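Fold and contact review
Now for the letters of each chain:
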Amino acid sequence: GPQPTAPTMIGYLARRILLFIPTLLGATFLVVMIMELAPIDVVESLLPPTGEMNPAAREEREAYLNARYGLDASGPEKWARWVNNVSPIGLQTWKYDDPAVVEQRAELRAFRERIESEVEAEVEAANPDLVAARNDQDTPSDERIQAIQTLRDSVKERLTELEDEQNFSPMSGDIRWDKLPIKTPDLGNSIRQSRPNWDIIKEALPITLILQLISIPTAVAISLITGIWSAKHRGAWQDWGTGGVLLALFSIPVIWVGVMAIGYFANDQYINWFPTGGTTDLRSDSFPFFPRFAGEAGFQRGFLLDSIWHIALPVVCLTYAQFAYLSKLTRGSMLEVLGADYIRTARAKGLAPNTVLLRHGFRTALIPVITFLAALLPVIITGSIVIETIFGINGMGRLVIESLKNNDIELFLTVTLFTILLKLVAYLLADIAYVVADPRVSYSGGSSA
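Residues numbered from 1 in each chain as written. Predicted model: local features only at pLDDT ≥ 70, side-chain atom pairs only at ≥ 80, totals over all residues. Heavy atoms only, no water.

1. Description of a negative patch on the surface
Counted only if it meets this: A patch consists of residues whose relative accessible area exceeds 30% and which take part in no salt bridge; residues with like charges are grouped when within 9 Å of each other, and nonpolar side chains (Val, Leu, Ile, Met, Phe, Trp, Tyr) when within 5 Å. For accessible areas, the Shrake-Rupley method is used with a probe of radius 1.4 Å. Any residue's cover is judged against the shown protein chains and nothing else. What makes a salt bridge here is a side-chain nitrogen of Lys or Arg within 4 Å of a carboxyl oxygen of Asp or Glu, nothing more. Positive charge is attributed to Lys and Arg, negative charge to Asp and Glu, and no charge count is given to His or to the chain ends. By convention, charge coordinates are those of NZ in Lys, CZ in Arg, CG in Asp, or CD in Glu. Starting at the N terminus, helices and strands are each numbered in turn, a helix being any DSSP run of H or I of at least four residues and a strand any DSSP run of E of at least two. Buried means the residue's accessible area, taken with a 1.4 Å probe over protein chains only, is under 20% of the maximum for its type, while exposed means over 50%, and partly exposed covers the values in between.
On the surface, Glu 60, Glu 113, Glu 116 and Glu 120 cluster together into a patch of negative charge. Its place among the elements puts Glu 60 in helix α3 (residues 55–69). Since its relative accessible area comes to 54%, Glu 60 is described here as exposed.

Right under this line is the structure:
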């Protein structure tokens, strides 16, 4: 068939890449708005239980958290601020630790201390009934508590009005008009851990990558071999035997397999061949990298063998969950291709069966497999949530769960950004792989025979 020209290919790739931007913006906006609906007050979750902190100190801490992370902003405001931070082109803002911001906060604190008693007296003079309810010991306690809270809210509201009149600026989050709109992307900070999100991801990502970059290629290799084997022996015992085993594996939930693996293979009451969790021994920092025999100390497994020993069960669980379906997909695709006219023509020419199967049939049969693998690529980041939780592995999957549980919005947005971007890139690579696998596919839309 006709091959796509270079200009057509480049134009197609450019259009697809440009579509990344609205897709990322729309997806992250939906994530922010959904997290805003979560019944979790982030500020309350970061403070001690009510009663363990005096009201003034509690209010000061709340003000700090709101100023530091912008938690009192609306959902669209949080999203717009995050997009501005992660973009290399955008308005630069004042940071919480900038000297000018620190100076303004000090002036604001002094202003509050200077006029707070005056404002409190002003509010009490305007609300004599509430003052009486607060001071009268014969008033029921719940009414006194409500009166105290109402007075405090009124004082806070009046102080806010006076602060706005004074116009303390710059404050954290204000736009810096003195800076060019070109900056280093900032992925934000984790509210729960008080650390940059990138530092947290750098610790978790390698662990998940190790698990996935072992399990996914292993699963693909097993799937292609078993799928082609079953298609080649269609209807024979090799076909239905392999199909039965794969169906059984596909029917078993991975969470059950993980729990059973720990219960039997990591339990000292049974086999106890593997550790129960983690990726390395607590003493692994003192291990040599390669295994060795060290005289009287005997065999030392070393850091490499120790890591393999720890991740063996998680990798097995991840691998079986993927190749069971992919193998059946490969078999079905191969059977469909083997019934095509050009395959019958190749056989009629006297070509060897393996040549017909692998050279002529296999490439075309890869089309649905490529589609599945494109959908599987983002799993590199978040696909091991269940396994990492079961085996106590601090990877990206567990990081996703923790950020959702704590409503750590910027950390979850950062992980979401990487996941969606990887998915978009995966589908782009899949489109390119379609042309490599089947020359009839065209970038100009449609295919030609």
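2. Focus on the environment of Asn 272
In plain terms, the rule: Residue contacts follow a heavy-atom distance rule, with two residues in contact if any of their heavy atoms lie within 4.5 Å.
Inspection of the secondary structure assignment puts Asn 272 in the loop between α10 (254–265) and β1 (292–293). Take Asn 272: its relative accessible area is 40%, and that puts it in the partly exposed class. Remark: the alpha-carbon pair of Asn 272 and Ile 262, spanning ten residues in sequence, is separated by 8.7 Å. When neighbours within four sequence positions are excluded, Asn 272 is seen to be in contact with Tyr 264, Phe 265, Ala 266 and Asn 267.

3. Concerning unusual backbone geometry
The amide bond that connects Ser 169 to the next residue, Pro 170, takes the cis arrangement and shows omega of 5°. With respect to the helices, strands and loops of the structure, Pro 170 is situated in the loop between α7 (141–166) and α8 (197–232). Positive phi, normally seen in glycine, also occurs at Asn 167, with a value near 60°. Judged by relative accessible area, which is 55%, Asn 167 ranks as exposed.

4. As for a nonpolar patch on the surface
A grouping of Phe 289, Phe 290, Phe 293, Phe 299, Phe 303, Leu 304, Leu 305 and Ile 308 is seen on the molecular surface, where their side chains present a nonpolar patch of about 810 Å² in accessible area. Ranked by the residues each element gives to the nonpolar patch, the list is headed by helix α11 (residues 302–338), at four residues. For Phe 293, the position within the fold is in strand β1.

5. A closer look at the packing of helix α9 (residues 237–251) against α11
Defined as follows: Every angle, taken between N-to-C directions, lies between 0 and 180 degrees, and every axis is a line fitted to C-alpha atoms, over only the stretch in contact when it is a helix. Between 65 and 115 degrees an angle is taken as roughly perpendicular, under 35 as roughly parallel, over 145 as roughly antiparallel, and anywhere else as oblique. What makes a crossing left-handed is the near helix being turned counterclockwise from the far one by less than a right angle; a clockwise turn instead makes it right-handed. Classification used: nonpolar for Ala, Val, Leu, Ile, Met, Phe, Trp, Tyr, Cys and Pro, charged for Asp, Glu, Lys and Arg, polar for all others including Gly.
Here α9 crosses α11 at 140°, and the two axes come no closer than 9 Å. In terms of orientation, α9 lies oblique with respect to α11. By crossing handedness, the relation of α9 to α11 is classed as left-handed. From α9, Asp 239, Gly 243, Leu 246, Leu 249 and Phe 250 reach across to α11, where they touch Tyr 320, Phe 323, Ala 324, Tyr 325, Ser 327, Lys 328 and Arg 331. Of the residues assigned to the contact of α9 with α11, the class counts are seven nonpolar, two polar and three charged.

6. What about the packing of aromatic side chains?
Worth spelling out the cut-off: Geometry of aromatic contacts follows a simple scheme: Phe, Tyr and Trp rings, the Trp one being its six-membered ring, pair when their centres are within 6.5 Å, and the pair is stacked under 30 degrees between planes, edge-to-face over 60, tilted otherwise. Our definition puts a charge over a ring when NZ of Lys or CZ of Arg is within 6 Å of the ring centre and also within 35 degrees of the ring normal.
Taken as a whole and assessed by the stated rule, the structure comprises five aromatic pairs. With centroids separated by 4.8 Å and ring planes inclined at 55°, the aromatic side chains of Tyr 264 and Tyr 270 adopt a geometry described as tilted. By relative accessible area, which is 41% here, Tyr 264 ends up partly exposed. Over the aromatic face of Trp 94 sits the side chain of Arg 176, whose NZ or CZ is 3.7 Å from the ring centroid.

7. Structural notes on the pattern of salt bridges
Summed over all chains, the structure comprises eleven salt bridges. Of the charged contacts in the structure, one is a salt bridge between Arg 331 and Asp 239, with a shortest N-O distance of 2.8 Å. Here Arg 331 is found in helix α11, whereas its partner Asp 239 is found in helix α9, with 92 residues between them in sequence. For Lys 405, the salt bridge identified is with Glu 402, shortest N-O distance 3.5 Å. With Lys 405 and Glu 402 both in helix α16 (residues 396–405) and three residues apart, the pair spans about one turn of that helix. Given the relative accessible area of 53%, Lys 405 is considered exposed. Look at Glu 402 and you get partly exposed, because its relative accessible area is 32%. Within the structure, one salt-bridge network assembled from shared partners comprises Glu 122, Arg 158 and Glu 161.

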